[in-house]
Every structure is written in structure tokens, then in C-alpha cells.
Amino acid sequence: MRADAAREAWAADRQRIERGRYSVGPAGRRLRWRGRILSVALGTFGLLARLGGFYRHGRRNALAPVLVEFELSFPTLPAAFDGYRILHVSDTHLDILPELGAIAGRLLEGVAVDLIALTGDTLGKHRAALHEATMPLARMLAGVRVRDRRFAVLGNHDPAIMADALEAEGFEVLLNRSAAVERNGEQLWITGLDDVHSFYTEAARTALSEAATGFRIALVHSAEVADYASAAGIALYLCGHTHGGQICLPDGRPLITQLKRCRHGASGLWRDGAMIGYTSRGLGVSGAPMRFNCPSEMTLLTLRRGPGEAIGAR
């Protein structure tokens, strides 16, 4: 199928689900109102926080992002990509907290990477104008020096037309397809899926299973198809969606993750078979503009050719 025909087919499927009564995940259909329960709960929590006097503290937490840096080691990484640096950003939602973009931008000023991976939920409020989310995102990333490419996928908050808006800002939006990054005659394959939490179709699973052989990275909004990706031979799976819980217990355990399957991928580093996964806590917030015991983050990860163990966060 030609690229433009594939895009049209994807858009038709996506918009059909957007107009329907149901969200669709790999575990099946769900009435759309059930997916909004968390937003209502977070909104209620926000009201209680204002009444209880701890709203300001939660908001300060949400406006204090960190840049997490670590290395991951893979025996199959092509030698030309040893030391390859990826900036992983997820769940920016800058239409909810616009000032967060400027704060994050200062953390990123002058950072040099090979690739940017944006794993969905650029938009926060479902009815917000897209530029309210994309313009502060573009300003936030303006100081980052990118050697190769900027890839993005869509999240469950992003409508189909967000793909065009991100492309206008210089991202290559991967919609159930793969792209190769080349260096010194060797390749990394990047497979990007449309959101699998609310807009899953079998095209997502097909994209994982039909990607070219070699070292493969999956960009997916949610961890919910981690088992499919592992079985397909993906080496590294980058995602977000859960916000790490956003409101967590003092030990960092999330109260709610919204994962319907693959719950081992709720936050941070994890494994599924031979595949390493990383779930970002996300930059932005959903529902109440607060965080507790769960700092917002952007992630700078370096790929190393080695024995296949995570070297660890620092």
C-alpha cells in the first residue's frame, strides 16, 4: 500500500473510533465514559486539595521537572550506534500547565542528542486548540541540538489531526509503521504505533511483527502491548501514558495507572522477556495540576553495545 493510501486508511479507522461510543484497546472495547472516571477522580482530588490546603504544594511539585539520565546496554546494538543518545519525552500536556514548558526548556537548553522520541499525549484537554499544546512544546525543544531525527507517536488524548500539527513542528509521526536511522552503513529501526490504549487496531500489532530485522526500538504511548513487542523481537520499548501514577504513595507506588494489561510496565525500567522497556513518568499532568511523590520527568538515555544489562539511573 502506498504511503498516502496507508495514511488515509489509518485516518479513517482512527476517526471512526473517535466518533464512536467506545474506546478500543488490545483487550477489547470499553464504553468511553468509563475511561473518564480517572479524570473525574483527579478533578475531585484537586478540589479536596484546595479545601485541604495542599494544592499549592502539589502544583509546585508539578512545576519541578527533572532530567533523568541513564545508559542501557544491548549485545545486539550495531557498533556504529554505541553511545547513541535519545531524548524521550512523553505526556507533555502543555495546554494544561503552559509555564511548565519554559521550566523544562531551561533544563534542555544546550543538550545534544541524536534523536528525540515523543511518545504521545501532546494534548491535555480534549477540546483545547492544538496550538496551545504544540507551540509551547516547540519552544521547549528549541534549545536541543538534534543530530538525526525527531519522531513522535500519538496518545489517547491526541486526535488524529494532531499528526499534522506535529509534522508542522518538524516531527516525523509514525502511525503503525517503521523508519530506519542509518549510520556508517548500519541501521536502527524505529517502529511507532498509534495509541493502543483507546485507538487500538490490528495494524499496530502488524507493524510490530512486520518490521525489518535488526536492532529495533518501539515508540508506543502505553505499555499495553509490551508482550506483543517482546514476542516480535523489539529490543527497546519507550512509552508513557501512566504519568508514573502522578499521585503516588510515599514509596512512589502509583495508586492508579490506567493500564489494562502489561501492568509490569507501569513506571520506570522494566523487562518483558529479552526486551527492555522504559515508562516515563511524563512531563505534564492530567486532571488536577498536581503531583505527589512522583516528579515529572524527561529522559536522556544512552545506548551502549554491551552484555545486555541496564547500567542504571544516575
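Draft legend 1. Looking closely at the nonpolar core. Of all hydrophobic cores here, the largest spans 37 residues; its most connected members are Leu87, Met140, Leu141 and Leu166. Counting residues per element, the ones that place at least two in this core are helix 1 (3-19), strand 4 (84-89), helix 4 (99-108), strand 5 (112-119), helix 5 (131-141), helix 6 (162-168) and strand 14 (297-305). Dropping the residues within four chain positions of it, Leu141 is found in contact with Leu87, Leu108, Ile116, Arg150 and Phe171. Of all hydrophobic cores here, the second largest spans 28 residues; its members include Leu115, Phe215, Ala235 and Leu301.

Draft legend 2. Region of the structure containing the packing of aromatic side chains. By the definition in use, this model includes four aromatic pairs. Measuring from ring centre to ring centre gives 5.1 Å for Phe74 and Phe215, while their planes differ by 80°; the resulting arrangement is edge-to-face. Of this pair, Phe74 sits in strand 3 (residues 66-74) while Phe215 is found in the loop between helix 7 (202-210) and strand 10 (216-219), placing the two residues 141 residues apart along the sequence. In terms of burial, Phe74 and Phe215 fall into one category: buried. Geometrically, the ring pair formed by Phe81 and Tyr84 is edge-to-face, given 5.2 Å between the ring centres and 70° between the ring planes. Its relative accessible area of 1% is what places Phe81 among the buried residues.

Draft legend 3. Structural detail: helix 7. Among all positions in helix 7, only Ala204, Ala207 and Leu208 are buried. Down the axis of helix 7, the buried set is contained in an arc of 95°. They therefore lie on one face. Exposed side of helix 7, more than 90 degrees from the buried face: Ser209 and Glu210 are the residues found there. Where helix 7 is buried, its residues meet strand 8 (177-183), strand 9 (186-192), strand 10 and helix 8 (226-231).

Draft legend 4. Representation of the environment of Leu188. Note on placement: Leu188 falls in strand 9. With 24 residues separating them along the chain, Leu188 and Ala212 place their C-alpha atoms 9.8 Å apart. Residues in contact with Leu188, not counting those within four places in the same chain, are Leu77, Pro78, Phe81, Tyr84, Ala179, Ala180, Val181, Phe215, Ile217 and Leu303.

Calculation criteria
Residues numbered from 1 in each chain as written. Predicted model: local features only at pLDDT ≥ 70, side-chain atom pairs only at ≥ 80, totals over all residues. Heavy atoms only, no water. Core = buried A, V, L, I, M, F, W, Y, C linked by side-chain atoms within 4.5 Å. Buried < 20%, exposed > 50% of the residue type's maximum accessible area, 1.4 Å probe, protein only. Helix = DSSP H or I, 4+ residues; strand = E, 2+ residues; numbered from the N terminus. Contact = heavy atoms within 4.5 Å. Phe/Tyr/Trp six-rings, centres within 6.5 Å; stacked < 30°, edge-to-face > 60°. Arc of directions from axis to C-beta.

So far we have only geometry, and geometry alone does not tell us how the molecule works.
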